[in-house]
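Residue-level structural notes
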Amino acid sequence: MTLINRSKPFVLLVGFSIISSLLLWVSQASVVSSGDFNKDFFVTWSPTHVNTSNDGRSRTLKLDQESGASFSSIQTFLFGQIDMKIKLIPRSSQGTVVAYYMSSDQPNRDEIDFEFLGNVNGQPYILQTNVYADGIDNREERIHLWFDPTKDFHTYSILWNIHQIVFMVDQIPITLYRNHADKGVAYPMLQPMSVQASLWNGESWATRGGRDKIDWSKGPFVAFFGDYKIDACIWKGNPSFCNGESTENWWNKNEFSSLTRVQKRWFKWVRKYHLIYDYCQDYGRFNNKLPKECSLPKY
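The structure contained in this document is the topic of the report that follows. Within each chain, residue numbers correspond to sequence positions counted from 1 in written order. Restriction of local features to residues with pLDDT of at least 70 applies here, the model being predicted, together with a cutoff of 80 or more for giving and counting side-chain atom pairs; totals for whole chains, interfaces and linings are based on all residues. Excluding hydrogens and water, the side-chain figures rest on all heavy atoms present in the structure.

Considering the state of the cysteines
Sulfur atoms of two cysteines make up a disulfide when they are within 2.5 Å. Inspection of every chain in the model, using the stated rule, returns two disulfides. Put simply, Cys 233 and Cys 242 are joined by a disulfide, and their sulfur atoms are 2.2 Å apart. Its torsion about the S-S bond being -75°, the disulfide of Cys 233 and Cys 242 is classed as left-handed. Of the two residues, Cys 233 and Cys 242, both sit in the buried class. The residue that forms a disulfide with Cys 280 is Cys 294, at a sulfur-sulfur distance of 2.0 Å. Residues Cys 280 and Cys 294 share a disulfide whose torsion about the S-S bond is about -80°; that sign makes it left-handed. Of this pair, Cys 280 sits in the segment after strand S16 (275–278) while Cys 294 sits in the segment after S16; the two residues are 14 residues apart in sequence, bridging distant segments of the chain. Each residue is placed in one exposure class: buried if its accessible area under a 1.4 Å probe, protein chains only, is under 20% of its type's maximum, exposed if it is over 50%, and partly exposed if it falls in between. Helix and strand assignments come from DSSP, with helices taken as H or I runs of at least 4 residues and strands as E runs of at least 2, each series counted from the N terminus.

Next comes the structure, spelled out in structure tokens:
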């Protein structure tokens, strides 16, 4: 009598189903955002101070004596690239801070910050970047932009991968933080982060160390957020799906492990003509013991 293995088709079917589900799961790990603030973000502070266009393509945050405002992405991510178009507060913006950043919101949080520090009328905005790794920051760098960021929208980008963090303005790299974890330098690797933006009162420190306060007679103060793109690995609870090389996780490929030759030229130009503060040059702040990464290559 011939025995028929009736379990084999079932095993094959189950195996095919698992593989199909896994492929679908991986393909969804990398997301290109909808471009609709209402679908990708939620308001985290003062909804009355947040205004979104009817089509969801633009959003404003308002600061007055009553409150500031903020919003955050619904999803969290581990590695990817985030682009956001922002137009800053015009004229007398001293004491105000517009922040656009990624954060894990944990006690030992990882965070990647753009902070735009307002100034008195006629003086340039200061763009400050910072990186938190395992709860430790003190990695501030500051530049003066080569354009007026209040006149029009400009694109501010964060490329975060297993090799490096690159802050970019209109695709020009302005700040680098390299992964030197193998040399004992903390690097954001395991904590998923959300994309956030806020407008708040930072007059205690933001402009000339707090000497220039907010002039409330010039308010309310409004920051504008336009087109954005989130192309990143959605956190599903397993870092291995985000820290590998794949078609979806393009940012982890070797070609993005360092700056290109052209990017290096732009980076050096920014450092030569627009950098006004670099923590790696502040020996007094660190009692002549600069953080370890300051002596390691950026690319």
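Structure shown, so let's carry the discussion forward.
Here's the deal with the sheet that holds strand S10 (residues 141–144)
Between any two strands, at least two bridges found by DSSP are needed for them to pair. The sheet built from eight strands is open, its strands ordered S2-S5-S14-S7-S8-S9-S10-S16 with antiparallel pairing. For this open sheet the edge positions go to strand S2 (41–45) and S16, each flanked by a neighbour on one side alone. Across the sheet, the mean angle from the axis of one strand to that of its neighbour is 15°, orientation sign disregarded. Across four bridges, the pairing between strand S5 (residues 69–73) and strand S14 (residues 194–201) is antiparallel. The residue of S14 that forms the bridge with Phe 71 is Ala 197. Contact definition: two residues touch when any of their heavy atoms are within 4.5 Å. All axes are obtained by fitting lines to C-alpha atoms, using only the stretch in contact for helices, and the reported angles, taken between N-to-C directions, cover 0 to 180 degrees. Relative to the sheet, helix H3 (residues 261–273) contacts S10 and S16, its axis offset from that of S16 by approximately 90°.

So, the packing of aromatic side chains
Each pair of aromatic rings taken from Phe, Tyr and Trp, with Trp reduced to its six-membered ring, is defined by centres within 6.5 Å and is described as stacked if the planes are under 30 degrees apart, edge-to-face if over 60, and tilted in the remaining cases. By the definition in use, this model includes 21 aromatic pairs. Note on Phe 37 and Phe 71: the rings are 5.7 Å apart at their centroids and 85° apart in plane angle, and the pair reads as edge-to-face. Taken together, the positions of Phe 37 in helix H2 (residues 37–40) and Phe 71 in strand S5 put the pair 34 residues apart, joining distant regions of the chain. Grouping residues by exposure puts Phe 37 and Phe 71 together as buried.

Quick notes on the nonpolar core
What makes a nonpolar core is a set of buried Ala, Val, Leu, Ile, Met, Phe, Trp, Tyr and Cys residues whose side-chain atoms join them at distances within 4.5 Å. Judged by nonpolar contacts, the single largest core of 65 residues is most densely connected at Phe 114, Phe 116, Leu 127, Tyr 156, Trp 160 and Phe 225. With eight residues, strand S15 (residues 221–234) is the single largest residue contributor to this core. Discounting residues that sit within four places of it in the chain, Phe 116 has contacts with Ile 86, Leu 88, Thr 96, Val 97, Val 98, Tyr 125, Ile 126, Leu 127 and Tyr 156.

Some words on the pairing of S10
Going residue by residue along S10, you find Glu 141 and Ile 143 tucked away on one face and Arg 142 and His 144 left uncovered on the opposite face. For S10 and S16, the ladder comprises three bridges, and the chain directions are antiparallel. For Arg 142, the partnering residue across the bridge sits in S16 and is Tyr 277.

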